[in-house]
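Understanding the architecture of this molecule
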Amino acid sequence: MTQITIRNAERSYGALKVLRDVSLDIADQEFAVLLGPSGCGKSTLLSAIAGLDDLQSGEILFDGQNVAGVEPADRDIGMVFQSYALYPSMRVRDNLSFGLETQKLPKADIRKRVEWAADLLQITPLLDRKPSALSGGQRQRVAIGRALVREASLFLFDEPLSNLDAKLRTEMRVEIKALHQRLGATFIYVTHDQVEAMTLATRIAVINGGVIEQFATPEEIYNRPASLFVAGFIGAPPMNLIPAVVRSDAGQAYAQLADGALTIPGLTAADGTEIVVGIRPEDLALCEEGEAADLTGKVVVAELLGADTLVWIEVAGQRIAVRLAPEDADRLDPVVRLRATADRISVFDAASTKRLELTR
Amino acid sequence: MTAARSARYRSPRHRQSIVRAQHFGLYLFLFTAALFFSIPLLIMISTSLKTAAEVRAGSVFALPVEPGFAAWTRAWGEACIGRTCEGISAGLWNSVIILIPSTVLSVGLAALNGYALSLWNVPRAGAILAALLLGAFIPYQVMIYPLVRMASTVGIYGSLPGIVAVHVIFGIPVLTLIFCNFYKGLPPELIKAARVDGAGFFRIFRRIVLPMSGNIIIVALILSVTGVWNDYLLSLIFAGRDNLPMTVQLASLVGTRIGVPEYNVNMAATLITALPPLLLYLLSGKYFVRGVTAGAIKG
Ligand SMILES: Nc1ncnc2c1ncn2[C@@H]1O[C@H](COP(=O)(O)OP(=O)(O)OP(=O)(O)O)[C@@H](O)[C@H]1O
Ligand SMILES: [Mg+2]
């Protein structure tokens, strides 16, 4: 049970600024996911929260208490390192129990916890092996186990499932979610897997170049991305981003696209403002007969994903993804006319890359 | 044109024979070089196996006619050093008594130093390392006089603790650098993980770092053992009359000017003195190569 506040955290290696004015408020029992491209500072932030790396400026508070100078061991955390960092000279069993022995827990308790974790992570048969005799995925599970046995109030997981096969990863994801609910601990979890982020997180922090772009619930992040970066990073494929200019016609503002115009209800930006219109692939649909089209383009390729089909369409020199039901995708004309769900369109200011709020 | 082409595209068999010739040349060279460097050793061995009469009569290069270990037994237990005729064996014990605490202390302290300097945020670690480097490469003769004064001030001059302290002082810089380099190669996350697990400086050293240091400890031990065992000057100055090690005894034996010089005995004594470090090298070679961090990190 830990509530974490990070205020204006800054960290740089020489001239390279890795964390820039990072402020985050992570609630007690929250499952916060850090998401962002490689090298954006996720591990660095995690290290700082663990107390393994000092910040150059800013502060970190646990339950309102500044933890500067508090040893990692005294922060009551369990941590999974991105590189696992298993103790190579110890058997798996000793890797798991090492932290408990330092805590001077009774032998029976240690045994019970190690067995519990080993069982949960399906590594019981590996307990007497050395880490060097394990596969990557097995090492990763040992690393998770070493964090879990501590029964800490804050867990820091750095890409804990990255090396597992798809089936095991799904299983582990469910286990971790269940654990989070059962343990009542706060989780901070780094991942590159958007499905993991979406399913596990109570809130997602999208980081880019050491800056927090948005910290919000998965729904919010998905439906109302705060910036062009978030819009282009979240979703597979991400949001279609179409450059446009605001024009107004008899007091009614609309987006002038390279070819065609798009009426966006609630758009209030000044005439001539350069904007970017964001539309999710599933918010585009084929026009009915006689309906006015928002976008018209040539079909480039169709990819069957299983439940639905992703059709790539070239509109004014730009590829746009449209998610269609497979039976609709099967009988497409070479040129298709599309209609966007008006109230699900996002609009960004091209200059500041920030989201423009629409008055609805 | 055709000649050039045939030179470039040689038949596989032709190429094989060239490779073989190159190998032959290489081995011939290595063999000659090895022979050249081992001549003094071979002469020592052969001379030590001769009788005194044979040494006086024949050339140094001649092989022993009736090889025997008489000179070795004399060198070990009967040869006269100064006025005592107990051979070189008395010095062996002294050497061991000096060797064990000196190597254990210097290797142990150097490992701890290297661990602290490379894996923990010691303030000014860079400056300390630079100072150590300086210490490792200044000729130690320069520091003997100040050390003599310091040792006599503390009251350990001419005693076992005195010589051990001096060996430790001279051993630590280079050994610390060796450990430092080795520990810098360990993944820093290991220490971080152990800190999260609540282990402190010494516990991490004992439970995590030391078990991974097997090979480097052996390398350091070899360096330290040979250094201490082969030392002559420091022992002569700091050890005191009762603790003179084998090397000093050997020098006295070889330098004794009473009667006819017994070259065969001298050679045998020298070989006996040189044997321990030699054996150590032969027995521990395999530890130089094995990897240690297998399994700690990804990939
Ligand atoms: N010890 C270091 N010295 C110099 N630069 C470093 C150091 N550690 C990290 N960096 C730099 O800091 C930046 C952020 O690193 P960090 O490990 O936090 O990235 P990350 O977001 O975890 O990336 P990934 O998803 O690839 O793990 C990177 O550009 C990296 O090169
Ligand atoms: Mg990382």
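Remember, predicted model here, so these are calculated numbers, not experimental data.

Calculation rules
Residues numbered from 1 in each chain as written. Chains lettered and ligands numbered in written order. Predicted model: local features only at pLDDT ≥ 70, side-chain atom pairs only at ≥ 80, totals over all residues. Heavy atoms only, no water. Helix = DSSP H or I, 4+ residues; strand = E, 2+ residues; numbered from the N terminus. Buried < 20%, exposed > 50% of the residue type's maximum accessible area, 1.4 Å probe, protein only. Areas by Shrake-Rupley, 256 points an atom, 1.4 Å probe, with all protein chains shown as cover. Contact = heavy atoms within 4.5 Å. Buried area = accessible area lost by both parts, 1.4 Å probe. Salt bridge = Lys/Arg side-chain N within 4 Å of Asp/Glu carboxyl O. Polar contact = N/O pair within 3.5 Å; in protein donor to acceptor, adjacent residues only side chain to side chain. Nonpolar A, V, L, I, M, F, W, Y, C, P; charged D, E, K, R; others polar. Near = heavy atom within 4 Å. UniProt positions renumbered as here; feature names shortened; annotations may be inferred. Donors = N, O, S within 2.8 Å, 3.2 Å for Na, K, Ca; no water. Core = buried A, V, L, I, M, F, W, Y, C linked by side-chain atoms within 4.5 Å. Domains from an automatic or database assignment. Pairing = 2+ DSSP bridges. Axes fitted to C-alpha atoms, helices over the stretch in contact; angles between N-to-C directions. Parallel < 35°, antiparallel > 145°, perpendicular 65-115°, else oblique.

The subject of this paragraph is the overall build of chain A. On a plain count of helices and strands, chain A comes out with nine helices and 20 strands. Seen along its three principal axes, the alpha-carbon backbone of chain A occupies a region of about 75 × 45 × 35 Å. The proportion of buried residues among the 360 residues of chain A is 50%. Surface summary for chain A: the accessible area is close to 15600 Å², and the carbon and sulfur share equals 49%.

Let's shift gears to the interface of chain A and chain B. Across the contact, 30 residues belong to chain A and 23 residues belong to chain B. Summing both sides of the interface, chain A and chain B together bury roughly 2300 Å²; the carbon and sulfur share of this comes to 58%. Connecting chain A to chain B are three salt bridges. Residue Arg195(B) is joined to Glu71(A) by a salt bridge in which the shortest nitrogen-to-oxygen separation is 3.6 Å. Our count for the contact surface shared by chain A and chain B stands at six residue pairs in polar contact (both at pLDDT 80 or more). Elements with a minimum of two residues in the side of chain A that touches chain B: strand E6 (77-80), helix H2 (92-102) and helix H4 (136-148) of chain A. Take the side of chain A that touches chain B: its biggest share by element is four residues, from H2(A). In terms of residue class, the side of chain A that touches chain B is made up of 14 nonpolar, ten polar and six charged.

With that settled, the discussion passes to the site of ligand 1. Residues and elements named next belong to chain A. Taken together, 13 residues form the shell around ligand 1, and within it Ser38, Lys42, Ser43, Thr44 and Gln82 come nearest. Within the contact set of ligand 1, an oxygen atom lies 2.5 Å away from a side-chain nitrogen or oxygen of Thr44. Relative to its unbound accessible area of 640 Å², ligand 1 is 62% covered by the protein chains. Elements supplying a minimum of two residues to the shell around ligand 1: strand E2 (16-26) and helix H1 (42-50). A total of three residues in the shell around ligand 1 trace back to one element, the largest contributor, which is H1. Of the residues belonging to the shell around ligand 1, the class tally is four nonpolar, seven polar and two charged.

UniProt's entry tags residues 21-45, 92-115, 127-148, 160-183, 204-229 and 263-283 of chain B with the feature "transmembrane region" (unreviewed entry), counted in the numbering of this structure. Segment residues 92-115 of chain B splits into 100% helix and 0% strand. End C-alpha atoms: 34 Å apart.

As a further point, take the coordination of the magnesium ion (ligand 2). Residues and elements named next belong to chain A. Around the magnesium ion (ligand 2), the donor atoms from the protein are Ser43 (OG) and Gln82 (OE1), and they sit 1.9 to 2.2 Å away. A residue pair is termed long-range when its members are at least 10 positions apart, and Ser43 in helix H1 and Gln82 in the loop between E6 and H2 qualify at 39 residues. Under the relative-accessibility criterion, Gln82 is labelled partly exposed at 30%.

The biggest cluster of nonpolar side chains holds 56 residues, and the ones touching the most others in it are Ile6(A), Leu34(A), Leu45(A), Leu156(A), Ile188(A) and Tyr183(B). Among residues more than four places away in sequence, those in contact with Tyr183(B) are Ala111(B), Gly114(B), Tyr115(B), Ser118(B), Leu119(B), Phe205(B), Val209(B) and Ser213(B). Val92(A), Leu127(A), Tyr189(A) and Leu200(A) belong to the second largest nonpolar core, which has 46 residues in total.

All names here are of chain A. Looking at the assigned domains, one finds that chain A contains domain 1 (4-232) and domain 2 (237-349). Across the contact, nine residues belong to domain 1 and nine residues belong to domain 2. Ranking the residues of domain 1 by area buried against domain 2 places Tyr222, Leu228 and Ala231 at the top, with a combined share of 62%. Here domain 1 is connected to domain 2 by four residue pairs in polar contact (both at pLDDT 80 or more). Only helix H7 (218-223) and helix H8 (228-233) provide two or more residues apiece to the side of domain 1 that touches domain 2. By residue class, the composition of the side of domain 1 that touches domain 2 is six nonpolar, three polar and no charged.

Moving on to the sheet that holds strand E20 (residues 346-349) of chain A. Residue and element names in this part refer to chain A. Pairing within the open sheet is antiparallel, and its five strands lie in the order E13-E12-E11-E14-E20. Lying at the two open borders of the sheet, with one neighbouring strand each, are strand E13 (261-262) and E20. The pairing of strand E14 (residues 274-279) with E20 spans four bridges and is antiparallel. Of the residues in E20, the one forming a bridge with Gly278 is Ser346.

This brings us to the packing of helix H11 (residues 214-230) of chain B against helix H14 (residues 263-284) of chain B. Residues and elements named next belong to chain B. Here H11 crosses H14 at 170 degrees, and the two axes come no closer than 10 Å. Comparing the axis directions of H11 and H14 gives the class roughly antiparallel. Along the contact surface, H11 presents Ile218, Ile222, Val225, Thr226, Trp229 and Asn230, while H14 presents Thr273, Pro276, Pro277, Leu280, Tyr281 and Ser284. Taken together, the residues of the contact of H11 with H14 break down into eight nonpolar, four polar and no charged.

Turning to the UniProt feature "domain: ABC transporter" (unreviewed entry) in chain A, a few remarks are in order. The positions that UniProt labels "domain: ABC transporter" (unreviewed entry) are, in the present scheme, residues 4-234 of chain A. Between the C-alpha atoms that bound residues 4-234 of chain A the distance is 25 Å, and the span itself is 36% helix and 26% strand.

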